[in-house]
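This is what each chain is made of:
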Amino acid sequence: MSAAGPAAAIASAVRAGDRSAISAVEESLAAIDAAGELGAFNAVTAEAALARAGAIDRAVEAGEDPGPLAGVPVALKDNICTRGVPTTCSSRILEGWVPPYDATVVDLLGAAGAVIVGKTNMDEFAMGSSTENSAFGPTRNPCDPERVPGGSSGGSAAAVAGGLTPLALASDTGGSIRQPASLCGVVGMKPTYGRVSRYGLVAFASSLDQIGPMASTVGDAALLYSAIAGHDPLDSTSIPEPAGDLTGALAGDVDGLRVGVVSELCGDGIDGDVRARLDAAATALASAGAQVGEVSVPAAVFGLSAYFLIAPAEASSNLARYDGVRYGLRVPAPGAVDMNVATRTAGFGDEVKRRIMLGTFALSAGYYDAYYGKAQKVRTLVVRDFAAAYERFDVLLAPTSPTVAFRFGERTANPLAMYLSDVCTVASNLAGHPAISVPFGSGSDGLPVGVQVLAPALGEHVMFRAAAALERLLTGAQAPEGATEPVEAKP
């Protein structure tokens, strides 16, 4: 079984009374304070976190079990609603807004004994791949502060990679959990669409958004996922069936597992060192007993084009509610229309405005069928082609990001180059399938490279099985009988 990660170790020690939740939270808060230059957090809720930790310690002293995440500090991406704590989406448009309710995942974290320590920075409204599009300024990559942490969940990735919190929650609309996980060298997982409640997640593109975990190990990611997965009547897209136990998945080997390497996601635009790490992962799985082969998902090559019509179109609709009237920023003006224009002009950043305009155009009369309608047809083809691939293979393997972390400003002047950062991840969102990024060595300049394991809808169990095996094969952790020696992590 995979070695216990830091979150599992904290929870075990707190539940056993071997350490206090307060000490775990104090350690996290001190680390956050010392790493302020990373810009990982928009807000730190130290007082509430310490009070919550004290309550957990009292429960343990009374002989109660606070839950599987007892005393574990968790960071939340700042698009997940928290009652009484500002939720900004890293945008000026939500300036001063404090949600009157908690997201369902926040309630579930509380029930599991976790302690929320703050809200993390992000690309504004989750629109970006570098966390440079934030009203609060950029987040830096703990592996190299001169480089981006990825996006849009760069703050959550940096919090875990920098050792500020053992766990973080983020959202993934086109790769916003997995791509920063790859660039920062942590584990990031997008669940099946509907497996985790979206109630209380500020919407970007409602048919694509999904909340998921970030952690330093596959085991910790599974622990956090298990705490938040399940049916929620407050989310009309929530899947009714229970998520199931992942213990067996983390302990299982890959003997006989059918693994397909997606050819369309390994060609032009993928850096050589990233492809080398993918090849090493495929070789390691094969030597551990998996049946590895190449597979084609033809429509995947159109995934990025379809995504950048569907996602902006849904964003155009969802972001219409920020009008200066109901909540958030209001810029005074003589009339309602002028006030609305002035508020949205001042409140939204350039990338958000760009995507609103793209989406509004795609939905406009005379263009709907040619753009948005056609993109939805491509989405159907993506689902069909994945279904064909999963008839032959249990899981698929692909790069997570086409490159390692890039330098600040390197792609801000070229939106297309920035959008290509998501070329390997968007297809899973279009299909609604689960996917996970696992660190698998390093590329140029010693920067982390993540390998992506994709699975069919509701295939989290087999996905975690493959991901845990990859982690063991790289690190040399204790593996089931028949597993190979650890794989050299250098390029």
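Residues numbered from 1 in each chain as written. Predicted model: local features only at pLDDT ≥ 70, side-chain atom pairs only at ≥ 80, totals over all residues. Heavy atoms only, no water.

A.B. asks: Hey, could you go over the overall build of the protein for me, with residue numbers and the actual values?
C.D. replies: The secondary structure content of the protein amounts to 16 helices and 11 strands. Radius of gyration (C-alpha) of the protein: 21 Å, near the 23 Å computed for a compact globule of 491 residues. When the 491 residues of the protein are sorted by exposure, 58% land in the buried category. Considering only residue pairs separated by 6 or more positions, the protein has 76% of its internal contacts joining residues 24 or more positions apart. Accessible surface for the protein amounts to roughly 17700 Å². Of this, 55% is attributable to carbon and sulfur atoms. A gap of 6 Å separates the mean positions of the 34 positive and 51 negative side-chain charges of the protein. (Helix = DSSP H or I, 4+ residues; strand = E, 2+ residues; numbered from the N terminus. Rg over C-alpha atoms; globule rule 2.2 N^0.38 Å. Buried < 20%, exposed > 50% of the residue type's maximum accessible area, 1.4 Å probe, protein only. Contact = heavy atoms within 4.5 Å. Areas by Shrake-Rupley, 256 points an atom, 1.4 Å probe, with all protein chains shown as cover. Lys, Arg positive; Asp, Glu negative; His and termini not counted. Charge placed at Lys NZ, Arg CZ, Asp CG, Glu CD.)

A.B. asks: Give a description of the sheet that holds strand β8 (residues 291-295) that names residues and reports values.
C.D. replies: Taking strand neighbours across the sheet as the criterion, the 11 strands line up as β1-β3-β2-β4-β6-β5-β10-β11-β9-β7-β8 in an open arrangement whose pairing is mixed. Both edges of this open sheet fall to β1 (41-44) and β8, since each of them pairs with a single strand only. Going from strand to strand, the sheet's axes swing by 30 degrees on average, the running direction of each strand aside. Note: strand β7 (residues 258-262) against β8, 5 bridges, orientation parallel. Its bridge partner lying in β8, Gly260 is registered against Gly293. Relative to the sheet, helix α3 (residues 46-61) contacts β1 and β3 (115-120), its axis offset from that of β3 by approximately 160 degrees. Along the sheet, helix α13 (residues 369-392) makes contact with β7, β8, β9 (395-399) and β11 (448-454), crossing β9 at roughly 115 degrees. (Pairing = 2+ DSSP bridges. Axes fitted to C-alpha atoms, helices over the stretch in contact; angles between N-to-C directions.)

A.B. asks: Describe the environment of Ser444, with residues and values.
C.D. replies: Along the chain, Ser444 falls in the loop between β10 (435-442) and β11. Measuring from C-alpha to C-alpha, the distance between Ser444 and Gly272 comes to 9.4 Å, with 172 residues separating the pair along the chain.

A.B. asks: Tell me about the packing of aromatic side chains, and name the residues and values.
C.D. replies: Across all of its chains, the model carries 14 aromatic pairs by this definition. Centroid distance Trp97 to Tyr327: 5.8 Å. Interplanar angle 45 degrees. Geometry classified as tilted. Here Trp97, found in the loop between β2 (73-77) and α4 (104-111), pairs with Tyr327, found in the loop between α10 (303-318) and α11 (336-347); they are 230 residues apart in sequence, far enough to count as distant. Between Tyr368 and Tyr372 the ring centres are 5.2 Å apart and the planes differ by 55 degrees, which places this aromatic pair in the tilted class. Residue Tyr368 is classed as partly exposed on the basis of its relative accessible area of 39%. Among the aromatic residues, those joined into a ring-pair cluster are Trp97, Phe125, Tyr322, Tyr327 and Phe348. Above the face of the Phe406 ring, Arg411 is positioned so that its terminal group lies 3.9 Å from the ring centre. (Phe/Tyr/Trp six-rings, centres within 6.5 Å; stacked < 30°, edge-to-face > 60°. Lys NZ or Arg CZ within 6 Å of the ring centre and 35° of its normal.)

A.B. asks: Outline the pattern of salt bridges, supporting the account with residue identities and numerical values.
C.D. replies: Within the structure shown, the criterion is met by 14 salt bridges. Its salt-bridge partner being Arg355, residue Glu351 comes within 2.7 Å of it at the nearest N-O pair. Residue Glu351 and its partner Arg355 are located together in helix α12 (residues 350-363), separated by 4 residues, close to a single helical turn. Arg355 carries the same exposure label as Glu351, and that label is buried. Taken together, the shared-partner salt bridges in this structure form one network comprising Asp144, Arg147 and Asp445. (Salt bridge = Lys/Arg side-chain N within 4 Å of Asp/Glu carboxyl O.)

A.B. asks: Summarise the nonpolar core; cite the residues concerned and give the values.
C.D. replies: By size, the foremost hydrophobic cluster in this structure holds 94 residues, and its most contacted members are Leu397 and Phe464. The element best represented in this core is helix α16 (residues 460-475), accounting for 10 residues. Residue contacts for Phe464: discarding those within four places in its chain leaves Met189, Val218, Ala221, Ala222, Tyr225, Leu246, Ala249, Leu250 and Ile436. (Core = buried A, V, L, I, M, F, W, Y, C linked by side-chain atoms within 4.5 Å.)

A.B. asks: So what's going on with a nonpolar patch on the surface? Which residues, and what values?
C.D. replies: Judged by side-chain polarity, Phe361, Tyr367 and Tyr371 come together as a nonpolar surface patch covering roughly 280 Å² of accessible area. Structurally, the position occupied by Phe361 is in helix α12. (Patch = residues over 30% accessible without salt bridge, like charges linked within 9 Å, V, L, I, M, F, W, Y side chains within 5 Å.)

A.B. asks: I'd like to hear about the packing of α10 against α13, residue by residue, with values.
C.D. replies: Running from N to C, α10 and α13 cross one another at 120 degrees; their axes reach a closest spacing of 8 Å. Comparing the axis directions of α10 and α13 gives the class oblique. Crossing of α10 over α13 shows left-handed handedness. Counted together, Ala306, Leu309, Ile310, Ala313 and Glu314 of α10 and Tyr371, Tyr372, Ala375, Gln376, Val378 and Arg379 of α13 form the full contact between these two elements. Tallied by class, residues from the contact of α10 with α13 come to 8 nonpolar, 1 polar and 2 charged. (Parallel < 35°, antiparallel > 145°, perpendicular 65-115°, else oblique. Left-handed = near helix turned anticlockwise from the far one by under 90°. Nonpolar A, V, L, I, M, F, W, Y, C, P; charged D, E, K, R; others polar.)

A.B. asks: Describe the side chain of Ser91, and please don't skip the residues or the numbers.
C.D. replies: Tracing the chain through its elements places Ser91 in the loop between β2 and α4. Here Ser91 falls in the buried class, since its relative accessible area comes to 3%.

A.B. asks: Pulling in residues and values, what's your account of unusual backbone geometry?
C.D. replies: The amide bond that connects Gly151 to the next residue, Ser152, takes the cis arrangement and shows omega of 5 degrees. Relative to the elements of secondary structure, Ser152 occurs in the loop between β3 and α5 (154-161). For Cys89, which is not glycine, the phi torsion reads 55 degrees and is therefore positive. You can see Cys89 is positioned in the loop between β2 and α4.

A.B. asks: Outline helix α9 (residues 272-287), listing residues and values.
C.D. replies: With 16 residues, α9 extends 22 Å from end C-alpha to end C-alpha; this agrees with the ideal 22 Å at 1.5 Å per step. Along α9, the residues classified as buried are Asp273, Val274, Arg277, Leu278, Ala280, Ala281, Ala282, Ala284 and Leu285. Where the residues of α9 are buried, they touch β7, β8, β9, β10, β11 and α16. Downstream of α9 by a residue or two, Gly289 has a phi angle that is positive, lying close to 110 degrees. (Expected span 1.5 Å × (residues − 1).)

A.B. asks: Please set out the pairing of β3 residue by residue, giving values where relevant.
C.D. replies: A large share of β3 lies buried, amounting to 5 of its 6 residues. With 3 bridges connecting them, β1 and β3 associate as antiparallel partners. Note that in β3 the partner of Phe41 across the bridge is Thr120. As paired elements, β2 and β3 share 5 bridges and run parallel to each other. When the sheet's bridge partners are listed, Lys77 is paired in β3 with Thr120.

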